[in-house]
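# Coordinates in review
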Amino acid sequence: MDAAVNQDASKIDPRVDLERLLKLRLIVARHGEMDRAGWWNTNGILGRHGALALKRGFPSTHHFAQARIAFAVARSRCHDLFDPPGCMTLWNLSARIEDQFEEHWQDWLDQGERWSPFFAHLAGAGSNDLLVALSEAGLVDQRHRDAVGQLRRSAEGRSVPLPGAHEPNDEIITLLSAGFAKGERGHPAIPYARLEE
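Source: prediction; values computed, not measured.

Before going further, it helps to spend a moment on the sheet that holds strand β1 (residues 87-88). With respect to topology, three strands assemble into an open sheet ordered β1-β3-β2, the strand pairing being mixed. A strand with exactly one partner marks an edge of an open sheet, and here the two such strands are β1 and β2 (159-166). Across two bridges, β1 lies against strand β3 (residues 190-195) in antiparallel orientation. Bridging from a neighbouring strand, Met 88 pairs with Ala 193 of β3. Here helix α9 (residues 170-178) sits on the sheet in contact with β1, β2 and β3, set at roughly 150 degrees to β3.

What follows is the structure, given as structure tokens:
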């Protein structure tokens, strides 16, 4: 095998499907907007109004411009509310995974047409239930719903701890996303998991 190909393959963390992570972040970001759960200060940036506002300046990449804005605001709001050391959240995974996520951004931009149906569904999705939205996208199943049902908000109500210590993987990241369902309108509860040492 070519050394360069082998080196590139070693950079990808096999435990995390980056496309799945993108979809999870998109659905949680959309759910948290002011016109839905009211958790962060974007109002339909991932909805139809956001698409109309950005399409003129970014005709072929406006969906991903919308996503960048929504992700930055959601990440900042969650960080301000609850940022535990030695832990991961949906918006703050390991540096390696975040770097891989950024590296894939250009690939997703180049595949804009493939992503258009997902963004169209996201913009028009009417459910105010995060778990329903995640289920409709095929990202959670009954097993995840049961796990989320067992999670509890912390005493101060700002966080949702996942029991145990974990390495980042698709299952944990899915629960970090679905755990946002424990929040209330205007009052997010940030799911987090302690990192294995």
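From this point, things continue past the structure.
Of all hydrophobic cores here, the largest spans 57 residues; its most connected members are Leu 22, Leu 26, Phe 71, Trp 91, Leu 134 and Phe 180. With near-sequence residues (within four places) excluded, Leu 22 lies in contact with Phe 64, Phe 71, Phe 101, Trp 105, Trp 108 and Trp 115.

Of the strand pairs in this sheet, β2 and β3 are connected by six bridges, and their pairing is parallel. Bridged to Ser 159 within β3 is Ile 190. In this fold, β2 hands off to α9, which returns the chain to β3; that crossover is right-handed.

A complete count under the given rule lists 16 aromatic pairs for this structure. Judged by centre distance (6.2 Å) and plane angle (85 degrees), the rings of Trp 40 and Phe 180 are edge-to-face. Separated by 140 residues along the polypeptide, Trp 40 in the loop between α2 (18-31) and α3 (48-55) and Phe 180 in the loop between α9 and β3 bring together distant segments of the chain. By relative accessible area, which is 1% here, Trp 40 ends up buried. Between Phe 64 and Trp 115, the ring centres sit 6.2 Å apart and the planes meet at 80 degrees, which makes this aromatic pair edge-to-face.

Thresholds, definitions, all that
Residues numbered from 1 in each chain as written. Predicted model: local features only at pLDDT ≥ 70, side-chain atom pairs only at ≥ 80, totals over all residues. Heavy atoms only, no water. Pairing = 2+ DSSP bridges. Helix = DSSP H or I, 4+ residues; strand = E, 2+ residues; numbered from the N terminus. Contact = heavy atoms within 4.5 Å. Axes fitted to C-alpha atoms, helices over the stretch in contact; angles between N-to-C directions. Core = buried A, V, L, I, M, F, W, Y, C linked by side-chain atoms within 4.5 Å. Buried < 20%, exposed > 50% of the residue type's maximum accessible area, 1.4 Å probe, protein only. Right-handed = clockwise from strand over helix to strand, strands pointing away. Phe/Tyr/Trp six-rings, centres within 6.5 Å; stacked < 30°, edge-to-face > 60°.

Any functional reading would require information beyond the geometric quantities listed.
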